[in-house]
2 protein chains.
Amino acid sequence: MSTIGYREAMTEPRWLTAAEMRAWLGYRRMRRLLDLRVNRDLAADAGLSEQDYDVLSILSEPHDQRLRVGELSERLLWTRSGLSRHLGRMEQRGLVTRDDDPDDARGTVVALTAAGRTAIQDAAPGHVASVRRHLIDRLTPAELRTLGDIAEKVLDD
Amino acid sequence: MSTIGYREAMTEPRWLTAAEMRAWLGYRRMRRLLDLRVNRDLAADAGLSEQDYDVLSILSEPHDQRLRVGELSERLLWTRSGLSRHLGRMEQRGLVTRDDDPDDARGTVVALTAAGRTAIQDAAPGHVASVRRHLIDRLTPAELRTLGDIAEKVLDD
DNA sequence: AGCCGATAGTTGACATGTAACCGATCTTCG
DNA sequence: CGAAGATCGGTTACATGTCAACTATCGGCT
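What counts as what
- Residues numbered from 1 in each chain as written.
- Chains lettered and ligands numbered in written order.
- Predicted model: local features only at pLDDT ≥ 70, side-chain atom pairs only at ≥ 80, totals over all residues.
- Heavy atoms only, no water.
- Axes fitted to C-alpha atoms, helices over the stretch in contact; angles between N-to-C directions.
- Helix = DSSP H or I, 4+ residues; strand = E, 2+ residues; numbered from the N terminus.
- Left-handed = near helix turned anticlockwise from the far one by under 90°.
- Contact = heavy atoms within 4.5 Å.
- Nonpolar A, V, L, I, M, F, W, Y, C, P; charged D, E, K, R; others polar.
- Near = heavy atom within 4 Å.
- Polar contact = N/O pair within 3.5 Å; in protein donor to acceptor, adjacent residues only side chain to side chain.

Interaxial distance between helix α1 (residues 18-46) of chain A and helix α6 (residues 141-155) of chain B falls to 8 Å at its minimum, and their mutual angle equals 35 degrees. For the pair α1(A) and α6(B), the sense of crossing is left-handed. Here Glu20(A), Arg22(A), Ala23(A), Gly26(A), Tyr27(A), Arg29(A), Met30(A), Leu33(A), Leu34(A) and Arg37(A) of α1(A) come into contact with α6(B), specifically with Leu144(B), Arg145(B), Leu147(B), Gly148(B), Asp149(B), Ile150(B), Ala151(B), Glu152(B), Val154(B) and Leu155(B). A class-by-class count of the residues in the contact of α1(A) with α6(B) yields 11 nonpolar, 2 polar and 7 charged.

Listed below in structure tokens is the structure:
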């Protein structure tokens, strides 16, 4: 036994093969760089963070004009506390509002403001172009399909 | 024009098709959940963060026993300041040491301690098992290969 | 030799995430 | 009805990242 990390082949644990390691390390690096690039574009073009965009995007869907904080946190795979903080910042900036839920006094309902709607309308075209430039348009249809399959398998639980 | 986000088809910007959106949103959710799961395992099993593991892993490679901070930051795709702070924490915990580079007085050389070596040796088997469980073993060899290809295309610049 | 822009690493100010806990409210069941 | 426990959203304490500024050093060019 000598080397540690992901690299060596041993018999005890099932270490990663070269192909498996390529996939894993590739995923790790892709994650870093892709997110960096897309988020940088979004911040430069629209003054929004990835998180802002995600929240606005969900709220702007036709049937989700008003959403409970808890439901939003589930959709975003976020902790409630993190979302609560983030909504506070977005509220400060005038992008969303928070009001007591009339049906459940424990709850809070989040809604877009006019400014929030404008913000995502303005941001969307550039953001989609950025996602295309950095990811989508670099891949073949078959690769895109496989990426979707992979995500499905990983998420399935 | 009505809906905003990633969802609608328009003519002006090239919005995402259903397949493209599946890939992009799938990637986004996979990123969140996969990282969460792997990092949780690593923290529970070995008391290390993903970042700790990455640093230790590189330093434990045979020819990289001593590395400049700058080179480490390039390999990890990290900012220097972030790495500097992280190394400070790891140094506190006795996992690595930092010393002046004898060849370039501006530089700092990072090295593993005995405890650092032990830490990654202990952590590696469980971590590999975790990566297998949450990602590798869920995919076919063809999917793994495609994932590697995708990462390569995205990183290539 | 000596100056000056480039480079290395650290640090201060700040942004933003999580985990643990809290008060308010709902819901279930005796 | 009314108490026990679950649930909701938020807050406090803390971890950890970025950007910009800073100090020290290097190295090419005159």
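Having seen the structure, we can now continue with the description.
A word on the protein's contact with DNA strand C. In the region of DNA strand C, 22 residues are neighbours, and Thr79(A), Arg89(A), Gly70(B), Arg85(B) and Arg98(B) sit closest. Among the atoms of DNA strand C lying within 4 Å of the protein, the sugar-phosphate backbone contributes 69%. Within the contact set of DNA strand C, a phosphate oxygen lies 3.1 Å away from a backbone nitrogen or oxygen of Val69(B). Residue Arg85(B) places a side-chain N or O atom 2.5 Å away from a base oxygen belonging to DNA strand C. At 5 residues, the largest contribution of residues to the surface near DNA strand C is made by helix α4 (residues 80-92) of chain A. Looking at the surface near DNA strand C residue by residue, the class counts come to 3 nonpolar, 10 polar and 9 charged.

For the rest of this paragraph, the subject is the protein's contact with DNA strand D. Around DNA strand D sit 22 residues, and of these Gly70(A), Ser81(A), Arg85(A), Thr79(B) and Arg89(B) come closest. Near the protein, meaning within 4 Å, the atoms of DNA strand D are sugar or phosphate in a fraction of 71%, with bases accounting for the rest. In the model, a base nitrogen of DNA strand D is placed 3.1 Å from a nitrogen or oxygen of the Ser81(B) side chain. Among the secondary structure elements, those contributing two or more residues to the surface near DNA strand D are α3 (69-76) and α4 of chain A together with α4 (80-92) of chain B. The dominant element in the surface near DNA strand D, judged by the number of residues it contributes, is α4(B), at 5 residues. Residues of the surface near DNA strand D, tallied by class, amount to 3 nonpolar, 10 polar and 9 charged.

Fair warning: the whole summary comes from geometry, so function is off the table for now.
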